[in-house]
Amino acid sequence: MNYFDSEYSSNVEQNAFLQTTSSDESLHGLAKIGESLLNNQNCDGIHLLRLYQEILLHGEVAFDHTKEQAELVKLGLVAQYKNKLKIASQSEPVLLNASWIDSELTRLDPYSKIRLKLLKLDEKASLPYRALTELLSWTGNQPFLVQKLSQILQKSQVFIPAGQEPEQIQALVQTHLIKNWETQAASAHLKEIRNGLLNNQRCDPFDLLKRYQQILQQVKLAAEDSWEETELINLGLVTKQEGQLKIANRIYQTVFNASWVEEELFKIRHSYQSVTPPVVEEPPISSIAAAGGDQNTNQRGRKKGKWIILAVVLLGTSVLSFRLISQSRNPQIFREANELYIQGNYEEAVTKYNEVLKTNANYYQAWTNRGYAFAGLREYEKMLESCTSATVIEDQAVYAWNCQGEAFYNLKQYDNAIAAFNQAIALETNNPLFQINKADALLANQENDQALAVIEKAIRLLKSTQDIREQEKIHKLSVAFTHQGKAFWQKQEYEKALQAYDQALTYTPDHFTAQRDRAIVLQKLKRSEEALANFQQMLKNQQLSAAQKAEIWFYQGLSLINLSQHQEAIAAFDEALKLKPDYQAAAEAKQRIVSNPH
């Protein structure tokens, strides 16, 4: 796209990008500088724009010899004065102003448009993108905290002027989340994490705090894949990236700081003779919320033990959730089996579950969990056999029915999968998980209208329930809206599909399926440039697997074909084939261009 086409000219006027007295010569020079910023060959355009905006707003930044700083000097936009970088000439009007930069940053980051619109930051800040960036720097992009902080901002009388984003956002965080957080209504999420640390049922709280303390002191620490690390990650307090552990965000780091940890460790040392978690009455817990469970457990109500909660797993093309179950029989071996599963050691987990079943063949929870271990090995026939054994032993075992439904789904026996999920729903009518899973099977069966009805019920249940953790609720809502988008897509109602995917991404902005399918729908709507921008943005995600990256390169190639950029499309298909040599669709698409270049 030409940098100064008619669309850009309109946008320029709206943002006071050009001063009315600018000459044709300055306009031409501005176009060249703009192109150099946005399409820079040496640096990422977003990083360049953010740095230049910072210098514009604050007058100067410390000179630290980064390549972005060197590039701005080379372009003539800034100059070095001693140990500072400043605008090159204060006497000349600034043509590339902070408002224009904010608009361009939004354009270059497609998902920011969705969040800015839904968080209504354009109503609360002069520079909405910069305000969003500062908000994300505090929350670490944690969906619940993003929503909570944006709600606080919307209810406040604050309007954030340009350049005051760090101070204003920090003031809101300190006042409404961090200060007196143990009594603040808005800080319920922080209290959940505190309780997860101090009253943990899966790890010794003392050991849990000591490991957290090590991560806090080191900023980044090499992962050891211990039980304590797994629990800190499950609590959302810590993240793991490229084998390194770090605190998930600045809010957690400020609240659960070194002084707080020392105080809690002191209490544990001096107030308790034993820090071993007690065995508690097993509450009925659903796999989405903190309520529900196998109906026979509800009825008998006397069994001891605990549940081990797992995150959403990807089985085949479906997002299907489940929970490993734990009871007091054979507790040590059963716990070892569950831990092996969490670590991804599925074969060893199966061996351990078999040990449990040798001593108690009627232990239906072990049959269920063993089934999910086979799912990890993609041995879906064995998964089905194991989960079916659980339902034969205990026909009220709701998660065994869910497990059976997942097995049928992955075996592409969708009618049987729907029947199994119906059994689970009959046992727990108001469990959103089973509704979501049933909707997925209905979608695979092309029963789109029924799927939409089931998804709408799941969304209502999720929004109305107070019994589940906010993080789980947010993730499940993202999955539900993604399914809704797929249903509308299959019905060829693309605008509605786009709206559903936008909703999904407000809850979980990095949800791969929603991101990918949203971009594909943009292609269906003949909005190929937007689709291409979405795919390009997705490739910047370092967490994508090779298979996911290959898929995105493939779809990027299709977008380029639609834009008649055939050589670039061939290069995209080549990238897909490098990552996945047996990618037949990419090979065929490339061959079609080579055979018929026009």
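Conventions and cut-offs
- Residues numbered from 1 in each chain as written.
- Predicted model: local features only at pLDDT ≥ 70, side-chain atom pairs only at ≥ 80, totals over all residues.
- Heavy atoms only, no water.
- pLDDT = per-residue confidence, 0-100.
- Contact = heavy atoms within 4.5 Å.
- Pairing = 2+ DSSP bridges.
- Helix = DSSP H or I, 4+ residues; strand = E, 2+ residues; numbered from the N terminus.
- Axes fitted to C-alpha atoms, helices over the stretch in contact; angles between N-to-C directions.
- Parallel < 35°, antiparallel > 145°, perpendicular 65-115°, else oblique.
- Left-handed = near helix turned anticlockwise from the far one by under 90°.
- Nonpolar A, V, L, I, M, F, W, Y, C, P; charged D, E, K, R; others polar.
- Phe/Tyr/Trp six-rings, centres within 6.5 Å; stacked < 30°, edge-to-face > 60°.
- Buried < 20%, exposed > 50% of the residue type's maximum accessible area, 1.4 Å probe, protein only.
- Lys NZ or Arg CZ within 6 Å of the ring centre and 35° of its normal.

**Side note on the confidence of the model for the protein chain**
Right, on to step 1. A residue-level look at the protein chain finds 83% of positions with pLDDT of 70 or above and a mean pLDDT of 79.
Right, on to step 2. Predicted confidence for residues 1-23 stays below pLDDT 50, and this span has 37 contacts to residues more than four positions away or in other chains.
Right, on to step 3. This stretch, residues 272-323, has a pLDDT under 50; its non-local contacts, to residues over four places away or in other chains, come to 157 contacts.

**Here we look at the sheet that holds strand S5 (residues 238-241)**
Right, on to step 1. If you walk across this open sheet you meet the three strands as S4-S6-S5, and the pairing is antiparallel. Unpaired on one side and paired on the other, strand S4 (221-222) and S5 mark the two borders of the sheet.
Right, on to step 2. Pairing geometry for S4 and strand S6 (residues 244-247), over two bridges, is antiparallel. By the bridge assignment for S6, leucine 221 is matched with leucine 245.
Right, on to step 3. Sheet strands touched by helix H11 (residues 205-218): S4, S5 and S6. Its angle to S6, the strand with the most contacts, is close to 90 degrees.
Right, on to step 4. Lying over the sheet, helix H12 (residues 227-234) contacts S4, S5 and S6, oriented at roughly 110 degrees with respect to S5.

**Some remarks on the packing of helix H27 (residues 528-538) against helix H28 (residues 546-562)**
Between two packed helices, the angle of one axis relative to the other and the distance separating the axes together describe the packing.
Right, on to step 1. One can describe the packing of H27 onto H28 by two numbers: an axis separation of 9 Å at closest approach and a directional angle of 155 degrees. One way to sum up the angle between H27 and H28 is to call them roughly antiparallel. The chirality of how H27 crosses H28 is left-handed. On H28, the residues touching Ser528, Ala531, Leu532, Phe535, Gln536 and Met538 of H27 are Ile552, Tyr555, Gln556, Ser559, Leu560 and Asn562.
Right, on to step 2. Looking at the contact of H27 with H28, its residues break down into seven nonpolar, five polar and no charged.

**Some words on unusual backbone geometry**
Right, on to step 1. The phi dihedral of histidine 65 is positive, around 65 degrees, even though this residue is not glycine.
Right, on to step 2. For glutamine 492, which is not glycine, the phi dihedral falls at a positive 65 degrees.

**Section: the packing of aromatic side chains**
Right, on to step 1. For the structure on display, the rule yields twelve aromatic pairs.
Right, on to step 2. Ring geometry for phenylalanine 554 and phenylalanine 573: centres 5.9 Å apart, planes at 45 degrees, overall tilted. Here phenylalanine 554 is found in helix H28, whereas its partner phenylalanine 573 is found in helix H29 (residues 566-579), with 19 residues between them in sequence. The two residues phenylalanine 554 and phenylalanine 573 agree in class, both being buried.
Right, on to step 3. Through pairs of rings, three or more aromatic residues link up here, namely Phe535, Phe554, Tyr555, Phe573 and Tyr583.
Right, on to step 4. One residue, lysine 580, lies across the ring of tyrosine 583, its end atom 4.8 Å from the ring centre.

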